[in-house]
Amino acid sequence: MKRKAMLIGPRINSNGPIGGQNVKFETLVKGFLEYDEFIWNICDTSQNITEVIKKFIGGINSSVCIFCVASRGLKIFLPLLYIWKKITHKQVFHYVVGGTLDEIVKKNTRYIKYLKEMTCNWVETDSLKLRLEELGIENCEVIPNFKKYDMRIEKYKQGDNICFCYIGRVIKEKGVSKAIEAVEKYNNIYEKKIYFNIWGPISEGYKQEFIELTEGKEFIKYQGVLRPEKVIEEISDCYAMLFPTYWHGEGFPGVCVDALFAGIPVIASDWNLNKEVIQDGLSGIVYPNNNVNTLYEAICWSVEHKEAMDKMRKYCQENSHNYSSDKWIPYLYEKIKTFKKDIE
């Protein structure tokens with residue numbers, strides 16, 4: 001008789017928002033659904049509360065649970081699953097979203113008890129694992145952000161124009177304004193212009209400022225919102241990705257994994273976990289101070305050193321398999337299978 005497994009998190013829906021958390025959970029769900037040893041009960045937290053409760057109740061007799069929720073979801077599911085695990089002695093895996101769980105724990109110290117009770121907390125980076133261990137949460141394992149991607153990108157062909165790109169939520173805290181200003185500064189100084197394509201949903205609170213920043217600037221093109229499966233194909237013709245984020249919740253950005261598969265280097269701010277995700281000089285450029293001038297200087301260097309950028313592109317593609325779901329889904333599935341056998 002097949003055992004049941006419950007997966008909790010926000011899926012990608014046709015009418016709903018698409019963020020890094022949705023993509024991360026959707027990749028996990030689609031990967032696990034390829035295995036039929038379990039009956040998978042999916043509790044989609046992007047649905048209305050009635051459906052979420054119904055799905056959760058329907059999955060409480062599962063042998064194992066994997067949950068992938070951000071800070072707001074932790075308030076609900078972390079204590080619930082702590083109690084569920086205490087009562088049933090079933091296995092609960094926490095698939096951590098973002099890179100600030102330690103900060104959340106410091107503000108909510110009761111979470112320490114809950115997290116220590118989880119079978120394992122799958123975190124995205126070594127530095128987050130270390131910070132959690134310093135708080136006494138030692139049941140952590142590093143599982144990097146990964147993606148499913150089948151298409152092979154042909155070698156980048158330099159056209160007449162150099163085009164940089166940004167993909168993600170279009171908000172000020174992601175450094176979009178700074179990127180626009182840096183590209184504009186370059187074009188005001190150099191005769192040969194560079195271009196900047198932007199993809200992603202525009203935040204309502206930032207929309208007016210974004211319109212004013214881009215209005216009348218032919219070198220800036222807002223390209224709308226891409227479906228996750230189209231991202232790598234679209235950005236593969238770009239020279240490099242700009243990622244000047246200073247958003248407090250930044251973890252292991254999925255767009256940086258997209259860049260690896262697309263074979264394009266990332267020019268990123270030295271913020272949060274970026275230096276751990278992007279290998280400076282190998283898969284991109286990590287610039288200090290996170291201001292317009294240092295970003296501008298990094299852009300100038302990249303344009304002036306095309307041969308070095310070509311080497312980075314090669315490195316990106318050669319190392320992208322380390323962030324492939326083909327590597328990590330079987331590994332995680334074996335983890336939950338192993339724990340299943342332990343309780344039989």
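Calculation notes
Residues numbered from 1 in each chain as written. Predicted model: local features only at pLDDT ≥ 70, side-chain atom pairs only at ≥ 80, totals over all residues. Heavy atoms only, no water. Helix = DSSP H or I, 4+ residues; strand = E, 2+ residues; numbered from the N terminus. Rg over C-alpha atoms; globule rule 2.2 N^0.38 Å. Buried < 20%, exposed > 50% of the residue type's maximum accessible area, 1.4 Å probe, protein only. Contact = heavy atoms within 4.5 Å. Lys, Arg positive; Asp, Glu negative; His and termini not counted. Charge placed at Lys NZ, Arg CZ, Asp CG, Glu CD. Salt bridge = Lys/Arg side-chain N within 4 Å of Asp/Glu carboxyl O. Pairing = 2+ DSSP bridges. Right-handed = clockwise from strand over helix to strand, strands pointing away. Axes fitted to C-alpha atoms, helices over the stretch in contact; angles between N-to-C directions. Core = buried A, V, L, I, M, F, W, Y, C linked by side-chain atoms within 4.5 Å. Phe/Tyr/Trp six-rings, centres within 6.5 Å; stacked < 30°, edge-to-face > 60°. Lys NZ or Arg CZ within 6 Å of the ring centre and 35° of its normal.

Participant: Which parts of the structure should I look at to understand the overall build of the protein chain?
Facilitator: A count of helical and extended segments in the protein chain gives 14 helices and 12 strands. For 344 residues, the compact-globule estimate of 2.2 N^0.38 gives 20 Å, and the protein chain sits close to it at 21 Å. Out of the 344 residues belonging to the protein chain, those deemed buried represent 53%. Across the protein chain, contacts joining residues at least 24 apart in sequence account for 74% of those joining residues at least 6 apart. Of note, the protein chain has its 47 positive side-chain charges centred 6 Å away from the centre of its 45 negative side-chain charges.

Participant: Please explain the pattern of salt bridges as it appears in this structure.
Facilitator: A side chain with one charge can pair with a side chain of the opposite charge if their charged atoms come near. Under the criterion given, the structure shown has 18 salt bridges. Residue Glu26 pairs with Lys30 through a salt bridge whose shortest N-O separation is 3.9 Å. Here Glu26 and its partner Lys30 are both found in helix H1 (residues 20–32), four residues apart, which amounts to about one turn of the helix. The salt bridge involving Lys275 is made with Asp270; its shortest N-O contact spans 3.4 Å. Residue classification places Asp270 among the partly exposed positions, given a relative accessible area of 39%. By sharing partners, the salt bridges in this structure join Arg11, Glu26 and Lys30 into a single network.

Participant: Just to check I follow, could you spell out the pairing of strand S3 (residues 64–67) for this structure?
Facilitator: Put simply, side chains in a regular strand alternate between the two faces of the sheet. Where burial is concerned, the two faces of S3 agree: the one with Val64 and Ile66 and the one with Cys65 and Phe67 are both buried. The pairing of strand S1 (residues 3–9) with S3 spans four bridges and is classified as parallel. Among the inter-strand pairings, Met6 is bridged to a residue of S3, identified as Cys65. Pairing of S3 with strand S4 (residues 91–95), which is carried by four bridges, proceeds in the parallel orientation. Its bridge partner lying in S4, Cys65 is registered against Val92. Tracing the backbone out of S3, into helix H3 (residues 71–88) and back to the parallel element S4 gives a crossover that is right-handed.

Participant: Help me out: how do you make sense of the sheet that holds S4 in this one?
Facilitator: Consider a sheet: its strands pair through backbone hydrogen bonds, and that pairing is either parallel or antiparallel. On the basis of which strands lie adjacent, the open sheet formed by six strands has the order S2-S1-S3-S4-S5-S6 and parallel pairing. Of all strands in the sheet, those with a lone pairing partner are strand S2 (38–44) and strand S6 (140–142), marking the two edges. The sheet shows a mean angle of 20° between the axes of neighbouring strands, direction not considered. Strands in contact with H1 are S1, S2, S3 and S4; relative to S1, the strand with the most contacts, it is inclined by about 165°.

Participant: Would you mind showing me how to read the nonpolar core here?
Facilitator: Within soluble globular proteins, side chains that are nonpolar tend to cluster in buried spots. Core analysis: the biggest nonpolar cluster contains 33 residues, and Phe164, Phe196, Ile198, Leu242, Ile267 and Ile299 have the highest contact counts within it. Tallying contributions element by element places helix H12 (residues 292–304) first for this core, with seven residues. Contacts of Leu242, omitting those with residues within four sequence positions, involve Phe164, Cys165, Tyr166, Ala179, Val183, Phe196, Ile267, Leu295 and Ile299.

Participant: What am I meant to see in the sheet that holds strand S8 (residues 194–199) here?
Facilitator: Judged by pairing direction, the sheet is parallel, and its six strands sit side by side in the order S9-S8-S7-S10-S11-S12 without closing on themselves. This sheet does not close on itself; its edge strands, each paired only once, are strand S9 (220–222) and strand S12 (284–287). Strand-to-strand twist in this sheet, taken as the mean axis angle between neighbours without regard to direction, amounts to 20°. Across three bridges, the pairing between S8 and S9 is parallel. The residue of S9 that forms the bridge with Ile198 is Tyr222.

Participant: Which parts of the structure should I look at to understand unusual backbone geometry?
Facilitator: What you tend to see is this: most non-glycine residues have negative phi, and most peptide bonds are trans. The phi dihedral of His89 falls on the positive side, at around 60°, and the residue is not glycine. Summarising the element assignment, His89 is placed in the loop between H3 and S4.

Participant: Honestly, the packing of aromatic side chains in this entry has me stumped. Any pointers?
Facilitator: For any pair of aromatic rings, geometry is given as the distance between the ring centres together with the angle between the planes. What the rule picks out here adds up to 17 aromatic pairs. Where Trp40 meets Tyr333, the ring centres are 6.3 Å apart and the plane angle is 50°; that geometry is what we call tilted. Here Trp40 is found in strand S2, whereas its partner Tyr333 is found in helix H14 (residues 325–343), with 293 residues between them in sequence. Each member of the pair, Trp40 as well as Tyr333, carries the same accessibility label: buried. A centroid spacing of 6.0 Å and a plane angle of 45° characterise the contact between Tyr206 and Phe210, whose relative ring orientation is tilted. One exposure class covers both Tyr206 and Phe210, and it is buried. Through a chain of ring-to-ring contacts, three or more aromatic side chains come together here, namely Phe32, Tyr35, Phe38, Trp40 and Tyr333. Geometry around Tyr296 places Lys185 over its ring, the cationic atom sitting 4.6 Å from the centre.

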